[in-house]
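Take a look at the letters that make up each chain.
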Amino acid sequence: MYELARRTNAATTVVQVDDVTIGEGFVVIAGPCAIEDEMQIESAARGVAQHGAGLLRGGAFKPRTSPYSFQGLGERGVELIAAASRRTGLPAVVEALAVEQLPILAEQVAMIQIGARNMQNFALIQAAARTGRPLLLKRGPAATLDELLFAAEYALLEGNPNVVLCERGVRGFDPHTRNLLDLAGALRLKELTHLPVIVDPSHATGRRSLIAPLVAAAAACGLDGAMVEVHPEPARAKSDAEQALDLEAFAELMMRLASVREPKIVATACR
Ligand code: PEP
Ligand code: MN
């Protein structure tokens, strides 16, 4: 059984990412699927910072299904997001696909993401944990909750307690959504573990219209945050264009979230 990840009391572990905490309140991680150029990441970073994001995301090494698709800017992308992070003050989270990418990520960004496809790449998880950086561990598309928790246990056993779990949709059968956002699974995770649990409705649904309501749902049911893909010009996005929110839609999402977190209860008189 996973011993270190297991919940033994009511407290959620608070993961510190630079000056941002995950595990108290509801944190929004926002930014483009992939870092594409300086203008794109700077404008995404400024926009999401202005509207209240807690962390900046962006992929530099992209795990694409097709080897013919855009693979990311690599190390140049890491430098661009690190600069955007410094300018906006938002800590950055970037995915590592391979052990050899860890040194530059550990040096340049605040948090390292292990993507869904690598959730059971235990050597990568262990090496990422040993960098000492906080980790964002995404659930594999066909992984059980116990498998996710065992994967987290590999990081915790390396002496790195700063692991955030992310439910990003599991394989379904209906092509209307890219995956199935397992909100019940995310809530069950909160019962099983003290680690913070966030959701990623962008990769779960693949549809921009569904993202804001699902972020609101995640906040309403007591999860610890959400990751969303935001692009200054979604139509030009080199990856995951259909699920990218523009900055205006992101601002609306944040407004909707504020009303979930501070609900106005309107009493209606019954006669
Ligand atoms: C991502 O967040 O950039 C990503 C590729 O997500 P996932 O690993 O969940 O598919
Ligand atoms: Mn993406």
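Structure shown above.
Predicted, not measured: the structure shown is a model, and the values here were computed from it.

Trainee: Got a minute to help me understand the layout of surface pockets in this structure?
Mentor: Here the idea is plain: a probe the size of a water molecule rolls over the atoms and shows the empty space left. Its boundaries defined by the atoms lining it, the largest pocket holds a volume of some 480 Å³. No other element matches the three residues that strand β5 (residues 92–95) contributes to the lining of the largest pocket. Taken together, the residues that form the lining of the largest pocket break down as seven nonpolar, eight polar and ten charged. In this model, the second largest pocket occupies a volume close to 170 Å³.

Trainee: Help me out: how do you make sense of the sheet that holds β5 in this one?
Mentor: With parallel pairing, eight strands are arranged side by side around a closed barrel as β3-β4-β5-β6-β7-β8-β9-β10. Each strand of the sheet is rotated relative to its neighbour by a mean of 25°, with strand direction disregarded. Relative to strand β4 (residues 55–57), strand β3 (residues 27–31) is paired through two bridges, and the arrangement is parallel. Looking at the pairing, A30 lines up with L56 of β4. Strand contacts of helix α5 (residues 145–157): β7 (135–138) and β8 (163–167), with the helix running at about 160° to β8, the strand carrying the most contacts.

Trainee: I keep staring at the coordination of the manganese ion (ligand 2) and nothing clicks. Help me out?
Mentor: Octahedral metal centres with six donors ideally show angles of 90 or 180 degrees, and tetrahedral centres with four donors ideally show 109.5 degrees. Coordination of the manganese ion (ligand 2) by the protein involves C33 (SG), H203 (NE2), E229 (OE) and D240 (OD), with metal-donor separations of 2.0 to 2.4 Å. Counting gaps between the donor residues of the manganese ion (ligand 2) yields the pattern C-x169-H-x25-E-x10-D. Of this pair, H203 sits in helix α7 (residues 201–205) while D240 sits in the loop between β10 (225–229) and α9 (247–261), and the two are 37 residues apart along the sequence. The exposure class of H203 is buried, given its relative accessible area of 9%.

Trainee: Mind showing me how you'd approach the nonpolar core here?
Mentor: One broad rule of soluble globular proteins: the nonpolar side chains tend to lie buried together. Counting 68 residues, the largest nonpolar core has L137, L165, V228, F250 and L253 as its most contacted members. For L253, the residues in contact, after removing those within four places along its chain, are I211, A212, V215, V228 and L245. Formed by 15 residues, the second largest nonpolar core is a distinct cluster that contains V17, V27, V164 and I198.

Trainee: Is there a simple way to explain the site of ligand 1 in this structure?
Mentor: Taken together, R57, K62, P63, E95, Q113, G115, A116, R117, K138, R168 and H203 make up the full set of residues adjacent to ligand 1. Side-chain polar atom of R168 to an oxygen atom of ligand 1: 2.6 Å apart, as the coordinates give it. Look at ligand 1: alone it shows 290 Å² of surface, and the protein chains cover 97% of it. For ligand 1, the cavity whose grid points lie within 2 Å of the majority of its atoms is the largest pocket. Here the residues of the shell around ligand 1 sort into two nonpolar, three polar and six charged.

How each quantity is defined
- Residues numbered from 1 in each chain as written.
- Chains lettered and ligands numbered in written order.
- Predicted model: local features only at pLDDT ≥ 70, side-chain atom pairs only at ≥ 80, totals over all residues.
- Heavy atoms only, no water.
- 1 Å grid on protein atoms, 1.4 Å probe; cavity = no way out; pocket = protein on both sides within 12 Å on 5 of 7 lines; lining within 4 Å.
- Points joined across faces, edges and corners; volume = space filled by probe spheres on them.
- Helix = DSSP H or I, 4+ residues; strand = E, 2+ residues; numbered from the N terminus.
- Nonpolar A, V, L, I, M, F, W, Y, C, P; charged D, E, K, R; others polar.
- Pairing = 2+ DSSP bridges.
- Axes fitted to C-alpha atoms, helices over the stretch in contact; angles between N-to-C directions.
- Contact = heavy atoms within 4.5 Å.
- Donors = N, O, S within 2.8 Å, 3.2 Å for Na, K, Ca; no water.
- Buried < 20%, exposed > 50% of the residue type's maximum accessible area, 1.4 Å probe, protein only.
- Core = buried A, V, L, I, M, F, W, Y, C linked by side-chain atoms within 4.5 Å.
- Near = heavy atom within 4 Å.
- Polar contact = N/O pair within 3.5 Å; in protein donor to acceptor, adjacent residues only side chain to side chain.
- Areas by Shrake-Rupley, 256 points an atom, 1.4 Å probe, with all protein chains shown as cover.
- Sits in = over half its atoms within 2 Å of the grid points.

Everything listed here is a matter of geometry and, on its own, says nothing about what the molecule does.
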